[in-house]
Amino acid sequence: MSQEKIDALRKQVDEINLQLLQLINRRAALVQEIGNEKEKQGINRFDPEREREMLNLLVEHNEGPFNDNTIRHLFKQIFKVSLELQDDEKKRVLLVSRQKKSEDTVIQVKGVEFGGKAPILIAGPCSVESYEQVKEVAENHVKRGLRVLRGGAYKPRTSPYDFQGLGVEGLEILKRIGDEYNLVTISEIVSPNDIELATQYIDVIQIGARNMQNFELLKAAGRVNHPILLKRGLSATIEEFIYAAEYILSEGNTQVMLCERGIRTYEKATRNTLDISAVPLLKQETHLPVFVDVTHSTGRRDLLLPTAKAGFAVGADGVMIEVHPDPDVALSDAKQQVTIPQFNEIVDELLKSGLYKTEAL
Ligand code: PEP
Ligand code: MN
C-alpha cells in the first residue's frame, strides 16, 4: 500500500473519529435530558430493561466486522459513562475541598497561625497529670520559643482500668497555664456534651482518632465557633477522614485542622504506620491545615526526629510530639514520650535542618 493511500485512509479515520465524538456527546446530552425528566417524575435513572432493548437492537443491526459481543461491550461502556456523567453532576462539592476554596485556611489563635507561612510544633504531655507537671513543660516551651501546648484531660484508653484523665480539673490546669505562659492549649474532648464547656478552658479542641467517626461529636464540634484539631481514625481512609472534617464544616464551624497520626497495618515495628503521603494528599484535596503526630504514629522515641523532618519536608503545617518531665512515671504512653532534654535535642535538630523555625512572638 502506498503512503498516499495510508494517508487518505487515516484522513477518513480522523473524520469518523470527529463524527463519533459529536455523536456520543449528542447522545450524552439526550441521556441527561431524559435523566432530568425522570428525576422530576421520581423515576430511577437506571433502567436495565431499556438497556437490554437497546443492546438487542444494536446486535440485530450489526453487520460486522465487529462481532456481537464486542458491540455489546462497547455500547455497555457508553451506557455506563452516560449514567456516571449524571452522578458526577450531582456529586456535592465538599466545603473542605480546594475546589470550593482554593486558598489555604489559616487559623489564628493568640498570635499563632495554624496553616500559616511557618510550620509549628505542638508539644506537651500525653495526659495532664498535675499543675506542676504541665508547668514544667510550659516553662520549657517559653524558653524554646514554642507557643502551642497539648495535654489530655479526657483520655480514651484501651482498657477501662487505665487512667482516664483528670477531666474538668485537667482543663482548669490547661486554662491556668495557658493564661500564665501565653500558650495556645490543645486538649481532646470525647463527649458532645463537653464541647461547649471546653471552649471556656482550651484554645483548640482535639477530636481523637477513636472518635473520628463519632458523628454526634463532630456535629457538636461544628456548632461552636472554636478551632478543632481532627485526628485521622485508626483505620480510616483519606476519604473517610475528609468526610469526617466535612461533618464539622457542614454545621458552620470553618476552623478545622487535620492530623495524620498513623494507621493500623500488619506492621508491628511501629505502633501505627505513618502515612506520610496523606499530608500532600490532604493539602491537595482540602484547604485545611494538616499536621503530623509523630508520637502516636511511630510509638518510638528513636523515630520522632526523622519522621518530624519527613512531615515538614512533605509540607505539613506542623508536627505534634509528646513530652513529659518524667516519662517513666507518666500515667499514659510512658514508653514513647520524651523527656524535656530529649525533646530539646529534637527541637535543636529541627532548627538546624532549616525545616522549622521558632514561633516566639
Ligand atoms: C492524643 O493525641 O492524646 C491521642 C490519644 O492520640 P490519638 O487520638 O491519635 O490516638
Ligand atoms: Mn499519648
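Model, not experiment: these values are computed from the prediction.

## Here we look at the overall build of the protein chain
Line of reasoning, step 1. Scanning the protein chain from N- to C-terminus turns up 12 helices and 10 strands.
Line of reasoning, step 2. Taken over C-alpha atoms, the radius of gyration comes to 28 Å for the protein chain, far larger than the 21 Å a tight globule of 361 residues would show.
Line of reasoning, step 3. Overall, the protein chain is about 85 × 55 × 40 Å in size when its C-alpha atoms are taken along their principal axes.
Line of reasoning, step 4. The buried share among the 361 residues of the protein chain stands at 39%.

## As for the site of ligand 1
Line of reasoning, step 1. Near ligand 1 the following residues occur: Cys-126, Gly-152, Glu-188, Gly-208, Ala-209, Arg-210, Lys-231, Arg-261, Asp-293 and His-296.
Line of reasoning, step 2. Tallied by class, the residues present in the shell around ligand 1 amount to two nonpolar, three polar and five charged.

## A short note on the pairing of strand 7 (residues 228-231)
Line of reasoning, step 1. Side-chain alternation along strand 7 places Ile-228 and Leu-230 on one buried face and Leu-229 and Lys-231 on a second face that is also buried.
Line of reasoning, step 2. In terms of strand pairing, strand 6 (residues 204-207) meets strand 7 through three bridges, oriented parallel. Bridge pairing links Gln-206 to Leu-229 in strand 7.
Line of reasoning, step 3. In this sheet, strand 8 (residues 256-260) lies alongside strand 7 in parallel orientation, the contact comprising four bridges. When the sheet's bridge partners are listed, Ile-228 is paired in strand 8 with Val-256.
Line of reasoning, step 4. As a crossover connection, the stretch from strand 7 through helix 8 (residues 238-250) into strand 8 is right-handed.

## A few points about the sheet that holds strand 8
Line of reasoning, step 1. Here we have eight strands rolled up into a closed barrel, ordered 3-4-5-6-7-8-9-10, and parallel in their pairing. The mean angle between the axes of side-by-side strands here comes to 25 degrees, regardless of whether they run parallel or antiparallel.
Line of reasoning, step 2. Pairing of strand 9 (residues 290-293) with strand 10 (residues 318-322), which is carried by three bridges, proceeds in the parallel orientation. Pairing of Val-292 across the sheet is with Val-319, part of strand 10.

## What about the environment of Gln-342?
Line of reasoning, step 1. With respect to the helices, strands and loops of the structure, Gln-342 is situated in helix 12 (residues 340-353).
Line of reasoning, step 2. For Gln-342, a count of 16 C-beta atoms within 10 Å corresponds to the partly exposed category.
Line of reasoning, step 3. The spacing of Gln-342 and Glu-15 is 327 residues in sequence and 71 Å in space, taken between C-alpha atoms.

## So, the packing of helix 4 (residues 131-144) against helix 5 (residues 168-181)
Line of reasoning, step 1. Interhelical geometry of helix 4 versus helix 5 gives an angle of 30 degrees and a closest axis separation of 10 Å. Accordingly, the angle class assigned to the pair helix 4 and helix 5 is roughly parallel. The crossing of helix 4 and helix 5 is right-handed. Judged by residue contacts, Tyr-131, Val-134, Lys-135, Ala-138, His-141 and Val-142 of helix 4 engage Ile-173, Leu-174, Arg-176, Ile-177 and Tyr-181 from helix 5.
Line of reasoning, step 2. Residues that form the contact of helix 4 with helix 5 fall into these classes: eight nonpolar, one polar and two charged.

## Focus on the nonpolar core
Line of reasoning, step 1. If you look at the biggest cluster of nonpolar residues, it comprises 77 residues, and the most contacted ones within it are Val-148, Leu-230, Ala-245, Leu-258, Phe-291, Val-319 and Ile-321.
Line of reasoning, step 2. Apart from the residues within four sequence positions on either side, Leu-230 is in contact with Ile-207, Met-212, Ala-244, Ala-245, Ile-248, Val-256, Leu-258 and Cys-259.

## Quick look at the UniProt feature "coiled-coil region" (unreviewed entry) in the protein chain
Line of reasoning, step 1. In the UniProt entry, the feature "coiled-coil region" (unreviewed entry) is given for residues 6-33.
Line of reasoning, step 2. The span residues 6-33 shows a helical share of 100% and a strand share of 0%, and its end C-alpha atoms are spaced 40 Å apart.

## Points about helix 7 (residues 215-222)
Line of reasoning, step 1. Among the residues of helix 7, Leu-217, Leu-218, Ala-220, Ala-221 and Gly-222 are the ones counted as buried.
Line of reasoning, step 2. Next to the buried residues of helix 7 lie helix 6 (195-198), strand 6, strand 7 and helix 8.

## Structural notes on the pairing of strand 10
Line of reasoning, step 1. Within strand 10, five of the five residues are buried, leaving the element largely enclosed by the surrounding structure.
Line of reasoning, step 2. Side chains Gly-318, Met-320 and Glu-322 project from strand 10 onto one buried face, and the interleaved Val-319 and Ile-321 project onto a second face that is buried too.
Line of reasoning, step 3. Relative to strand 10, strand 3 (residues 120-124) runs parallel, the two being bridged by five bridges. Bridge pairing links Ile-122 to Met-320 in strand 10.

## Some details on the packing of helix 7 against helix 8
Line of reasoning, step 1. Orientation of helix 7 relative to helix 8, taken along the N-to-C sense of each, is 40 degrees, at an axis distance of 6 Å. As the angle between them shows, helix 7 and helix 8 are arranged oblique. For the pair helix 7 and helix 8, the crossing hand works out as right-handed. Only Ala-244, Tyr-247, Ile-248, Leu-249 and Ser-250 of helix 8 make contact with helix 7, whose side of the interface consists of Phe-215, Leu-218, Lys-219, Ala-221 and Gly-222.
Line of reasoning, step 2. Its residues placed into classes, the contact of helix 7 with helix 8 shows seven nonpolar, two polar and one charged.

## Description of the environment of Arg-98
Line of reasoning, step 1. Tracing the backbone shows Arg-98 in the loop between helix 3 (68-90) and strand 1 (107-109).
Line of reasoning, step 2. Take Arg-98: there are 16 C-beta atoms within 10 Å of it, and that puts it in the partly exposed class.
Line of reasoning, step 3. Separated by 186 residues in sequence, Arg-98 and Gln-284 place their C-alpha atoms 7.0 Å apart.
Line of reasoning, step 4. With residues near it in sequence (within four places) discarded, Arg-98 still touches Gln-284, Glu-285, Thr-286 and His-287.

Reading the values: rules and limits
- Residues numbered from 1 in each chain as written.
- Chains lettered and ligands numbered in written order.
- Predicted model: local features only at pLDDT ≥ 70, side-chain atom pairs only at ≥ 80, totals over all residues.
- Helix = DSSP H or I, 4+ residues; strand = E, 2+ residues; numbered from the N terminus.
- Rg over C-alpha atoms; globule rule 2.2 N^0.38 Å.
- Buried ≥ 20, exposed ≤ 12 C-beta atoms within 10 Å, placed from the backbone.
- Near = placed C-beta within 6 Å.
- Nonpolar A, V, L, I, M, F, W, Y, C, P; charged D, E, K, R; others polar.
- Pairing = 2+ DSSP bridges.
- Right-handed = clockwise from strand over helix to strand, strands pointing away.
- Axes fitted to C-alpha atoms, helices over the stretch in contact; angles between N-to-C directions.
- Parallel < 35°, antiparallel > 145°, perpendicular 65-115°, else oblique.
- Left-handed = near helix turned anticlockwise from the far one by under 90°.
- Contact = placed C-beta atoms within 7 Å.
- Core = buried A, V, L, I, M, F, W, Y, C linked by C-beta atoms within 7 Å.
- UniProt positions renumbered as here; feature names shortened; annotations may be inferred.

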